[in-house]
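Remarks on the overall topology
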Amino acid sequence: MREAVSQELEDGVLVVTVDNPPVNALGAEVRRGLVTAMERADADEAVRAVVIRGEGRTFPAGADIREFGKPPAEPWLPDVVNRIEACTKPVVAALHGTALGGGLEVALAAHWRIADRQAKVGLPEVNLGILPGAGGTQRLPRIVGAQKALDMMLSGRHVPAAEAHELGIIDRIAEGDLLEEAKMWAREIAGRPDALRPTGARTDGLTDPESWRAACAAARARLEKKSPQLFAPFRIVECVEKVIELPIDEGMAFERQAFEACMRSPQREGLIHAFFAERRARKIPEAERGTPRPLERAGVIGGGTMGSGIAVAMLKAGLPVTMVERDEEAAAAGRERVAAILARDVERRRLTPGRRDALLAAFATTTDYGALSDADLVVEAAFEEMAVKQEIFRKLDAVAKKGAILATNTSYLDINEIAAATGRPEDVIGLHFFSPAHIMKLLEIVVADATSDDAVATGLQLARRLGKVPVRAGVCDGFIGNRIYNRYVEEAFFIMEDGASPYEIDRAVRNFGYPMGPFEVADLAGLDIGWAARKRRAPTRDPRRRYVAIADKLCERGWFGQKTGRGWYRYEEGSRKGQPDPEVLEIVASERILKGVPTGAFTEEDIIRRYLAAMINEAANVVHEGIALRPSDVDVVAVHGYGFPRWRGGPMKYADMVGLENILADIEAFAEEDPVVWQPSPLLVDLVRRGGNFDSLNRD
Ligand code: 3HC
């Protein structure tokens, strides 16, 4: 059997290897193995120094997150790291891959650290709703100071080896073989009087107490502004404050308490759910069966906002892109848009001018479909109309090489109908990007009836290459995200007509944790988009279903949101911050009178309960119908595409935490008022009957 931690004595150096794939997480077995190794190092005279390293792809990347929420098994990680620091023989940590969280805390407890050039270090616990709980909040600041340590722990960012070396976190960068150099170095320092250098006793990072407290106060002030609802970041600042006041053991006791408070917080549950949900979403059965096709050249059809964003995303991932537009003027405009996005990146120093030029050199625009004949994958991002799309796919079918993936970025349309315009529906797939496509991380991979496994595997490969968060969706009006979005926006309209102002609704939704409310989002996206969709659906709308015409009234006045200076809000010249508009409230009031709807006052809680019940019920249907493979996929879509607060995990996780029986009770109460709109999802009803929850359906 493989040992989680092995020891090998080589010429006086005890090489301690952690071998716990895939990321060498510090599970109970690993922790026990590390303690055993330290005991041996102390007891065995033949051991003169120790090297700790990771087998496979990385030094330990953290505590074992799967153990969280279960009763903790001994030895605890804080005791393990203290045991390492107390070792009577010098300990060198040899870092490669990603030394994160508990992994970096192990390394910080070692007396010295060497890393290869590709290594990264970080304390990303904050992203999981917790804090470094094995001395990280106490040891890192003793090396790098309060400000740098707070920057790392509050952002969770992965710091490249070179920067970590400059900061003093890493003492040496290995030029050649990491393990050989680590062993050589360990042998060199063994027996030297200064070889035992406990980080807990270091003072190089410390400043006078006043500056220390000022750095902590500044970090707290930034948090108050940026993320006042989050729990863990504030606890991190409190821990760092203690570094200047307390010796390491008392500081670690304080850290322990703060860590446990974070572990108990529902935000920890939400964030860890989000972490695993993202990883589970990449498990797509078709992709696992299929083989990705080579991806070397890409095409984009349409140079509008979506098309140019997609082109930029692909260019940055190293794919040459040819963009096709219907005429020279539109092609030039597409080129301008791509150049403008890249110019902004240069301005913000995210891109060097040289790299921008190289990207533009890999980009071509044309009106000739023939230029797509060597593309491995083409994404169509043209006007959202079936006839237009079918015409494009007919042309593509005529020119694309055999085996090319033909993707549509449609948000709503039936991909089966689009695929039917070609003689190769097995190569047709939906790749639904979110605007702006070069920034937003979500990518819905929409699998149509005839889409081949290889096409899905290629879509997933593309997502990985572009650094996107992929989610598999089935074909329906709006797929996963927009279908659910349409339902809760509809509900926001109902709530508005029933008595809450759009501004109250936006505020409630923001206070729930969204960056923006639905009316602000509509103003940003353009009210004309929803208007067009409503007109398209009008002929098939259930005549019994309630319909709120207020948004249409705004559109009839030409108020399309930010771009026209008016929408749900009024915008001063050049401002993106809207002001409530009394005229909008008048329109709302007169519609209420016209319809004779009884209005009432809404608390924020009333608004949120109805809004979320609509979202969750529709999401349950999306899972029930197999449009989403599992509830956690819906959560990923809501978090990455629609601003659902990540710390709540997603709407399905939220529903589980509130209790499905409570959600269902709300829906049933709303159904008494409006049985057409509020039909409880069969999945929800079934789960409540069985005493189950959405999480029970989350399988890999
Ligand atoms: N515990 C348990 N499993 C973990 C894990 C962890 N810390 N980190 C990753 N995994 C699992 C993933 O779930 C995934 O499992 P799967 O194959 O069954 O889906 C597998 O390892 C591979 O992970 P990725 O798909 O994410 O692989 P990547 O190569 O893309 O990324 C990584 C590797 C950068 C290490 C990324 O996995 C990551 O960011 N992991 C979390 C790191 C982290 O947050 N560490 C801190 C943990 S908390 C802590 O240490 C507390 C301490 O202070 C007391």
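Calculation rules
Residues numbered from 1 in each chain as written. Predicted model: local features only at pLDDT ≥ 70, side-chain atom pairs only at ≥ 80, totals over all residues. Heavy atoms only, no water. Domains from an automatic or database assignment. Contact = heavy atoms within 4.5 Å. Buried area = accessible area lost by both parts, 1.4 Å probe. Salt bridge = Lys/Arg side-chain N within 4 Å of Asp/Glu carboxyl O. Polar contact = N/O pair within 3.5 Å; in protein donor to acceptor, adjacent residues only side chain to side chain. Helix = DSSP H or I, 4+ residues; strand = E, 2+ residues; numbered from the N terminus. Nonpolar A, V, L, I, M, F, W, Y, C, P; charged D, E, K, R; others polar. Phe/Tyr/Trp six-rings, centres within 6.5 Å; stacked < 30°, edge-to-face > 60°. Buried < 20%, exposed > 50% of the residue type's maximum accessible area, 1.4 Å probe, protein only.

Annotation of the chain at the domain level lists domain 1 (5-264), domain 2 (295-478) and domain 3 (482-697). Just the C-alpha atoms count here: the centres of domain 2 and domain 3 sit 30 Å apart. Between domain 2 and domain 3, the contact holds 18 residues from the first and 15 residues from the second. Taken together, the two surfaces of domain 2 and domain 3 that pack against each other cover about 1400 Å², and 60% of this comes from carbon and sulfur. Joining domain 2 to domain 3, the criterion identifies 1 salt bridge. Where Asp477 meets Arg537, a salt bridge forms, and the shortest distance between an N and an O atom there is 3.0 Å. Along the contact surface separating domain 2 from domain 3 lie 4 residue pairs in polar contact (both at pLDDT 80 or more). Put simply, the parts of the chain that give the side of domain 2 that touches domain 3 at least two residues each are strand S16 (442-447) and strand S17 (469-474). No other element matches the 5 residues that S17 contributes to the side of domain 2 that touches domain 3. Its residues placed into classes, the side of domain 2 that touches domain 3 shows 10 nonpolar, 4 polar and 4 charged.

Before going further, it helps to examine the packing of aromatic side chains. By the definition in use, this model includes 16 aromatic pairs. Measuring from ring centre to ring centre gives 5.2 Å for Phe512 and Tyr654, while their planes differ by 80 degrees; the resulting arrangement is edge-to-face. Of this pair, Phe512 sits in helix H20 (residues 502-512) while Tyr654 sits in helix H27 (residues 651-658), and the two are 142 residues apart along the sequence. The burial state of Phe512 is the same as that of Tyr654; both residues are buried. Counting every residue linked through ring pairs, the aromatic cluster contains Phe434, Tyr485, Tyr488, Tyr611 and Tyr642.

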